[in-house]
Amino acid sequence: MKTDCPLADIVTSKPRAILLAILSISCLFAFAGRAQAGATAAPGSSAPYLIIHLDAIPSKLFFEEYDAGRLPNIKAAFEDGKIVRHAVSPFFPGTEMLYPRLKNGLDVEAQMPITWEMYDRESGETTSHIQTILKLFSYLPRYSLTQIIHGAPGMDLLAGCALLNTPRMLDEYRIVEFFWFITDAYGHVFGEESQKKSIAILDEFFGLLLRQLGSKPVNLVLYADHGMSMFERDYDAEAAMSEIAGDNVEFLYYPNLHLRDPSLAQATAERLAARDELDFAFYRADESLIVGVHKNGQVMFRSEGGSISYSCNGPDPFGYFRLGYQGQPLSDQQWLDLTCKERFPAVPVQIVRYMDNPLSGDIVAVLNPPKALKTAVGIAGCHAGFADTDCVVGILMKGPDIDPSKIPDTFWLHRLHRDILEIDPGNPETARRERNSLMVSGGRIELQASPAHRWNGMLSAGSDGWTVTCERSLARSLITQIWTGLGITSGGEPAGSPTPVASSRLNFYLGPLVYEYKNLILLPSGKRISSSSLRVETKCGVIVEWSHPNRIGLGITW
Ligand SMILES: [Zn+2]
């Protein structure tokens with residue numbers, strides 16, 4: 001089921017071409033130099049990380065575009081880095097499952113979201129969809145929260161502009177996360193062609209980003225969080241689960257079915273597996289054995305220590321025995337090594353680890369593509385199974401602290417930060433201070449000196465008087481920043497006498513361009529003095545500023 005995406009066409013048309021042309025020129029002017037992201041860091045120093053999250057792009061689709069040369073900037077940046085084509089996102093594939101674990105370095109069994117709505121048998125508490133969304137957002141860096149808006153269809157240009165501002169963030173944080181959420185909505189609603197267009201837009205902005213970064217040493221990481229499977233028909237799996245379990249339903253939200261009487265799990269699973277709406281119904285037969293019922297037989301996963309063995313009654317639906325598997329216990333990584341390129345990668349690990357989570361149901365029911373789960377918005381794509389298009393993703397890495405020879409060709413995605421990169425994005429180091437600057441403009445001198453991160457001291461002096469303020473950054477996103485402060489100015493009554501003043505500044509960032517709207521309010525009188533300016537910050541630290549209506553300034557930043 002595929003539909004055309006008018007919004008994707010809009011963002012690939014004239015406005016985008018004009019914007020990209022302007023940005024290309026300004027980036028060239030301001031940051032002339034060949035793209036060399038990933039260049040060598042100074043000895044003993046550690047380069048910052050820029051981690052780009054690409055939502056819901058299966059490895060197959062990504063590398064179709066990459067290998068065909070349709071992502072030239074991404075390819076140029078990562079070509080001699082590490083390209084992992086078969087990382088596997090843990091079942092149940094979704095951002096709510098993956099991101100909290102990736103961010104916090106936690107395993108699948110951790111009591112984090114395992115789908116959007118959950119039931120805790122221990123406490124009897126349920127978690128609603130909105131609670132899970134809020135929990136997920138609570139793990140995003142605060143500066144990234146506005147990127148949730150950039151995830152709506154048609155927001156590619158805004159998301160691209162936000163990407164161009166990540167170099168500023170790299171001055172502030174050792175680890176910067178950027179989210180290209182929009183491809184999830186495109187995949188669900190419009191299908192993979194619109195996803196491809198969106199990745200191409202990401203690639204163009206990524207090219208501009210590389211120009212901005214120039215030779216700055218940065219560790220670049222690009223990963224997709226889970227896949228997306230296109231489908232022809234969707235099925236109401238939850239209705240089938242509810243119908244089969246009847247009065248015995250304690251709590252139901254795909255893929256989990258909690259029963260009032262868990263001893264009926266086997267009988268319920270057998271009846272569920274016979275339904276067209278589902279492919280598998282898994283239940284726990286004993287402490288170490290999970291059985292999965294399907295229409296033609298059963299699969300068995302037995303946990304032994306940290307390993308899992310697989311056997312089946314009837315046909316082998318995953319094709320593992322064809323690969324030479326002989327029924328021996330394998331570790332989670334060994335399962336990946338054996339099956340990561342198959343249609344159903346590492347299913348024993350996917351299901352056992354999922355059902356080891358205390359929030360999982362007495363039955364975990366699964367449908368796989370080409371079937372899809374019936375949802376309100378999923379009319380073209382879905383990610384609800386354990387097939388490769390649901391779970392296998394690409395990861396690209398390059399940088400001075402990334403040694404390609406030490407990174408395996410397949411690994412579990414949620415272990416990327418903890419085990420592969422050995423970083424902790426939950427606790428990124430911040431810069432000790434903001435950038436200082438000195439500007440001369442129309443007979444005025446303006447000095448900004450920062451004592452600490454998010455704090456600024458400002459002195460403005462000229463023939464018409466002086467102002468001193470101390471400012472605090474109130475809110476920061478990738479595109480905007482709001483400062484407020486208090487100070488003193490010589491503009492009081494009688495003329496020239498000192499008077500207290502409140503200040504506010506709103507900055508809009510677009511690559512090397514900064515638009516600033518500034519207000520000074522004389523506190524006793526409430527008189528407001530507003531000004532606006534546009535400046536270009538060059539890589540070597542020179543600032544050229546135009547202030548409304550006709551003042552030109554020059555300055556330096558350090
Ligand atoms: Zn999705």
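Residues numbered from 1 in each chain as written. Predicted model: local features only at pLDDT ≥ 70, side-chain atom pairs only at ≥ 80, totals over all residues. Heavy atoms only, no water.

### Observations concerning the side chain of Thr 389
Link 1 in the chain: Its place among the elements puts Thr 389 in helix α15 (residues 388-391).
Link 2 in the chain: At a separation of 3.2 Å, a polar atom in the side chain of Thr 389 contacts the side chain of Arg 343.
Link 3 in the chain: Leaving out residues up to four positions away in the same chain, Thr 389 has contacts with Pro 58, Lys 60, Gly 227, Met 228, Ser 229, Arg 343 and Pro 369. (Helix = DSSP H or I, 4+ residues; strand = E, 2+ residues; numbered from the N terminus. Polar contact = N/O pair within 3.5 Å; in protein donor to acceptor, adjacent residues only side chain to side chain. Contact = heavy atoms within 4.5 Å.)

### Here we look at the domain arrangement of the protein chain
Link 1 in the chain: Annotation of the protein chain at the domain level lists domain 1 (49-231 + 388-421), domain 2 (236-368) and domain 3 (437-557).
Link 2 in the chain: A straight line from the C-alpha centre of domain 2 to that of domain 3 covers 62 Å. (Domains from an automatic or database assignment.)

### What about helix α14 (residues 347-356)?
Link 1 in the chain: Of all 10 residues in α14, nine are buried; the element is thus mostly enclosed.
Link 2 in the chain: Three or more residues of α14 are buried, namely Val 347, Pro 348, Val 349, Gln 350, Ile 351, Val 352, Arg 353, Tyr 354 and Met 355. (Buried < 20%, exposed > 50% of the residue type's maximum accessible area, 1.4 Å probe, protein only.)

### As for the coordination of the zinc ion
Link 1 in the chain: Here the zinc ion is held by Asp 184 (OD), Asp 184 (OD), His 188 (NE2) and His 383 (NE2), and the distances to it run 2.0 to 2.6 Å.
Link 2 in the chain: Bound by four donor atoms, the zinc ion shows angles of 54 to 157° at the metal and therefore irregular coordination geometry.
Link 3 in the chain: Mapped onto the sequence, the residues coordinating the zinc ion show the spacing D-x3-H-x194-H. Of the two residues, Asp 184 is situated in helix α9 (residues 182-189) and His 383 in the loop between β17 (381-382) and α15; the sequence distance between them amounts to 199 residues.
Link 4 in the chain: For Asp 184, a relative accessible area of 19% puts it in the buried group.
Link 5 in the chain: Residue His 383 is classed as buried on the basis of its relative accessible area of 12%. (Donors = N, O, S within 2.8 Å, 3.2 Å for Na, K, Ca; no water. Tetrahedral: all angles 85-135°; square planar, octahedral: opposite > 155°, others 65-115°.)

### Considering the sheet that holds strand β12 (residues 289-294)
Link 1 in the chain: Taking strand neighbours across the sheet as the criterion, the seven strands line up as β9-β10-β15-β11-β12-β13-β14 in an open arrangement whose pairing is antiparallel. Edge strands, defined here as strands with exactly one partner in the open sheet, are β9 (249-253) and β14 (307-313). Averaged over all pairs of adjacent strands, the angle between strand axes in this sheet comes to 20°, irrespective of strand direction.
Link 2 in the chain: Examined bridge by bridge, strand β13 (residues 297-304) and β14 share seven bridges and lie antiparallel to one another. Residue pairing across strands places Ser 303 opposite Ile 308, the latter belonging to β14. (Pairing = 2+ DSSP bridges. Axes fitted to C-alpha atoms, helices over the stretch in contact; angles between N-to-C directions.)

### Brief notes about the packing of aromatic side chains
Link 1 in the chain: This model, assessed by the stated rule, comprises 33 aromatic pairs.
Link 2 in the chain: Ring centres 5.3 Å apart and planes at 35° place the aromatic pair Tyr 143 and Tyr 173 in the tilted group. Of the two residues, Tyr 143 sits in the loop between α6 (129-138) and α7 (156-164) while Tyr 173 sits in the loop between α8 (166-172) and β5 (175-180), which places them 30 residues apart along the sequence.
Link 3 in the chain: Residue classification places Tyr 143 among the buried residues on the basis of a relative accessible area of 5%.
Link 4 in the chain: For Tyr 173, a relative accessible area of 14% corresponds to the buried category.
Link 5 in the chain: Geometry around Tyr 66 places Lys 75 over its ring, the cationic atom sitting 5.3 Å from the centre.
Link 6 in the chain: Above the face of the Tyr 235 ring, Lys 371 is positioned so that its terminal group lies 5.4 Å from the ring centre. (Phe/Tyr/Trp six-rings, centres within 6.5 Å; stacked < 30°, edge-to-face > 60°. Lys NZ or Arg CZ within 6 Å of the ring centre and 35° of its normal.)

### Some points on the packing of α7 against helix α10 (residues 192-213)
Link 1 in the chain: As a packed pair, α7 and α10 sit with axes 9 Å apart at the nearest point and diverge in direction by 25°. The angle between the axes of α7 and α10 places the two elements in the roughly parallel class. Considering only the axes of α7 and α10, their crossing is right-handed. Residues Asp 156, Leu 157, Gly 160, Cys 161, Leu 163 and Leu 164 of α7 form the contact with α10, whose own contacting residues are Ser 198, Ile 201, Leu 202, Phe 205, Phe 206, Leu 208, Leu 209 and Gln 212.
Link 2 in the chain: Classifying every residue of the contact of α7 with α10 by side-chain character gives 10 nonpolar, three polar and one charged. (Parallel < 35°, antiparallel > 145°, perpendicular 65-115°, else oblique. Left-handed = near helix turned anticlockwise from the far one by under 90°. Nonpolar A, V, L, I, M, F, W, Y, C, P; charged D, E, K, R; others polar.)

### A few points about the environment of Thr 499
Link 1 in the chain: Counting through the fold element by element, Thr 499 comes out in strand β24 (residues 497-510).
Link 2 in the chain: Judged by its relative accessible area of 8%, Thr 499 falls in the buried class.
Link 3 in the chain: Each C-alpha atom, one on Thr 499 and one on Ser 525, is 9.8 Å from the other, the two residues being 26 residues apart in sequence.
Link 4 in the chain: Contact partners of Thr 499, with chain neighbours within four places excluded, come to Gly 487, Ile 488, Thr 489, Gly 491, Gly 492, Leu 522 and Pro 524.

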